[in-house]
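Observations on the three-dimensional arrangement
The primary structure of each chain is shown beneath.
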Amino acid sequence: MATIINTPGTPSEDSGLGIVLGVLIAIIVIVLFFVYGLPAIRGNQTPQTSNGINVNVSLPTNAPASTGTTY
């Protein structure tokens, strides 16, 4: 009768690449949530003011007119 010896295989060494990729993907998802998701949830709208703000700027009209470049 033949003797069969079952030798276990060599243990495979894990390089940790799965953990590194998982952490990177988690960081990207968290950053995207703070950039896009949180403002959308909060309804990022400008507050409404009752008195209004006038942002029109009037320039002085007594400035000398430009005649172009002189040589």
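Scroll up for the structure.
Not measured: the values here are computed from a predicted model.

Let's shift gears to the overall build of the protein chain. Of regular secondary structure, the protein chain possesses one helix and zero strands. Looking at the protein chain as a whole, 1% of its 71 residues are labelled buried.

This part is about helix α1 (residues 17-42). Over its 26 residues, α1 runs 36 Å from end to end, which matches the ideal 38 Å to within 8%, given 1.5 Å per residue. The largest bend along α1 reaches roughly 40 degrees and is located at Phe 33. Backbone geometry just after α1 places Gly 43 at a positive phi near 70 degrees.

Tallied over the full model, the rule gives one aromatic pair. Ring geometry for Phe 33 and Phe 34: centres 5.7 Å apart, planes at 70 degrees, overall edge-to-face. Its relative accessible area of 39% is what places Phe 33 among the partly exposed residues. On the accessibility criterion, Phe 34 (51% relative accessible area) is exposed.

On to a nonpolar patch on the surface, then. The grouping of Ile 19, Val 23, Ile 27, Ile 28, Val 31, Leu 32, Val 35 and Tyr 36 at the surface amounts to a nonpolar patch, some 790 Å² of accessible area in total. As for its placement among the helices and strands, Ile 28 is situated in helix α1.

The rules behind these values
- Residues numbered from 1 in each chain as written.
- Predicted model: local features only at pLDDT ≥ 70, side-chain atom pairs only at ≥ 80, totals over all residues.
- Heavy atoms only, no water.
- Helix = DSSP H or I, 4+ residues; strand = E, 2+ residues; numbered from the N terminus.
- Buried < 20%, exposed > 50% of the residue type's maximum accessible area, 1.4 Å probe, protein only.
- Expected span 1.5 Å × (residues − 1).
- Bend = angle between axes of the 7 residues up to and from the residue.
- Phe/Tyr/Trp six-rings, centres within 6.5 Å; stacked < 30°, edge-to-face > 60°.
- Patch = residues over 30% accessible without salt bridge, like charges linked within 9 Å, V, L, I, M, F, W, Y side chains within 5 Å.
- Areas by Shrake-Rupley, 256 points an atom, 1.4 Å probe, with all protein chains shown as cover.
- Salt bridge = Lys/Arg side-chain N within 4 Å of Asp/Glu carboxyl O.

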